[in-house]
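# Working through the structure, step by step
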Amino acid sequence: MKHSISRAFFTGALGIAACAANAQTSTPLNLPALFSDHMVLQQKTDAPVWGRGDASRTVCVVGSWNPADTASATVDDYGHWAVNLPTPSYGGPYSLEVFYRGLPADTLTVRDVMIGEVWLCSGQSNMEWSPANGIENYEQERAGASNPAIRFFSLAKTASETPQDNCIAKWEVCTPDVMSRRSAVAYMFGRNLNKKLDGVPVGLIVSAWGGTPAEVWVPEDSVNNNSDIAEAVIETRYPWWPVQSGVLYNSMIHPLAPYGIAGAIWYQGESNRDNPQSYRHLMSTLIRSWRKDFRKEFPFFIVQIAPFNYASSNNGPALVREAQQQVADKVPSVGLIPTIDIGNVNNIHPAKKSQVGERLANMALGRVYGRITDGFEAPRAIDAVPQKSALCIQFSNAGEGMSASSKEIKGLSVAGTDGVFHPAKGTLKNNVLTVKSSEVKSPVKVRYCFDDASEGTVFNSFGLPLLPFSLSVEP
């Protein structure tokens, strides 16, 4: 792959002085695709920079934001080198210069480097698909998409049986044409972050492939060594996307680590609806393995899969949504973004990507950046209390109060000790949802939107929908 990196004379006198010695001929240095023109580096961190070169030589790396600060490392006997380069608060454009000690004339210069916030955006088609594939107000969004402070690094869809050190991609400055070809969810997320963080540059690393189950994004050994996951791995093969464990982790995640990132957003789960029993373990393992690779307990925000007429026989979509909430509840620094109100039951690719991006950005603004104090967490059912022939549901994250968008609250059902669910009616009063059915005299279980395609009609005061739930009365 040809990198957009040019050779230039290094002009930082202090950097040359720090690394001047032992000049001799050598083969060129090599940088992976991540380190190329228009890149975004994570601000206020020790940003990892790495590449390949001649064994035993010393490599020097200098950022133009601080020419006096030179990071250096010796190339090991496998031809690898890596340094940590301190980055300042956001700004740019800058340049990044890499050279062998004593050979400043053979400098690799990466130009138009921005310092800001970098997010990894991954998943299947609802993360991959571009605005041109269908979003609301597409033409209006496209017309306003010229923003040099937003940059994309979108990986080509390719699989590998072994871990790779490089990938096929390039950094792109956001223009209407670039925006129309790149991830709609990532763009909407990045646009909102850039605006609400007062113009901080945002780098969006998009690593997504439609149709893929989660296990392809997890290291193969982590799947095979966990019986709960391995026994439920999808075995049906397709010509359009890979299903073998680890093959996209190898080619579309491994080459990115340990690049400095602020966090990750994830929109996936539809393809695991036939094996939902392993999804909680699978996602917990994915998050743990990625954090290990990136050497950071970064925030990880999951978009819950939307309502759609799957015609499932195992209630798999509802169980995947439940597993997604369990991961958010049990794994530190994981957030959950609701879509139960903004899906399209007749289209697995709902067009309301701007709402998804805004909710993701608000989660980051609240949890990561401290710019907002509430209104970014979806309301949740936390308890079901028996009351005569009804169950009373209590909530968290209700804001100033819960309300229904329609006279009838849809998607409710209850069951008695026989476990058979019957449609139920609900009434909201004083932030308590009372649910009952004439078919069940003593309900002990209650569900809300716990099926393929029921759409949410209950919201908190911030307009966020109540997450789907299945609760049982405590014995």
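Figured I'd write up the structure that's included with this text. Predicted model, so just to flag it, every value in this text is computed and none were measured. (Residues numbered from 1 in each chain as written. Predicted model: local features only at pLDDT ≥ 70, side-chain atom pairs only at ≥ 80, totals over all residues. Heavy atoms only, no water.)

### Focus on the layout of surface pockets
- As a volume, the largest pocket reaches approximately 440 Å³.
- Along the wall of the largest pocket there are 21 residues; nearest its centre are Trp50, His80, Asp165, Ala257 and Pro258.
- Breaking the lining of the largest pocket down by element, the ones donating at least two residues are β3 (46-52) and β6 (80-86).
- Partitioning the lining of the largest pocket into residue classes produces ten nonpolar, seven polar and four charged.
- The calculated volume of the second largest pocket comes to roughly 360 Å³.
- Forming the walls of the second largest pocket are 17 residues, and the residues nearest its centre are Gln124, Gly211, Trp241, Ser271 and Arg273.
- Each residue belonging to the lining of the second largest pocket can be placed in one class, and the counts come to seven nonpolar, seven polar and three charged. (1 Å grid on protein atoms, 1.4 Å probe; cavity = no way out; pocket = protein on both sides within 12 Å on 5 of 7 lines; lining within 4 Å. Points joined across faces, edges and corners; volume = space filled by probe spheres on them. Helix = DSSP H or I, 4+ residues; strand = E, 2+ residues; numbered from the N terminus. Nonpolar A, V, L, I, M, F, W, Y, C, P; charged D, E, K, R; others polar.)

### What to know about the packing of helix α9 (residues 279-294) against helix α10 (residues 316-330)
- Relative to each other, α9 and α10 sit at 45 degrees, their axes nearing to 8 Å. It follows that α9 is oblique to α10 by the angle criterion. The chirality of how α9 crosses α10 is right-handed. Note on element contacts: α10 touches α9 through Val320, Ala323, Gln324, Gln326, Val327 and Lys330, opposite Tyr279, Arg280, Met283, Ser284 and Ile287. (Axes fitted to C-alpha atoms, helices over the stretch in contact; angles between N-to-C directions. Parallel < 35°, antiparallel > 145°, perpendicular 65-115°, else oblique. Left-handed = near helix turned anticlockwise from the far one by under 90°. Contact = heavy atoms within 4.5 Å.)

### Re the sheet that holds strand β24 (residues 469-472)
- If you walk across this open sheet you meet the four strands as β19-β18-β22-β24, and the pairing is antiparallel. The sheet is open, and its two edges are formed by β19 (421-423) and β24, each paired on a single side. With strand direction ignored, the average angle separating the axes of adjacent strands in the sheet is 20 degrees.
- Note: strand β22 (residues 445-448) against β24, four bridges, orientation antiparallel. The partner of Lys445 across the bridge, within β24, is Ser472. (Pairing = 2+ DSSP bridges.)

### Here we look at the environment of Lys410
- Inspection of the secondary structure puts Lys410 in the loop between β17 (403-404) and β18 (412-415).
- Distance from Lys410 to Ser454, taken between C-alpha atoms, is 7.2 Å for residues 44 residues apart in sequence.
- With residues near it in sequence (within four places) discarded, Lys410 still touches Tyr448, Cys449 and Thr457.

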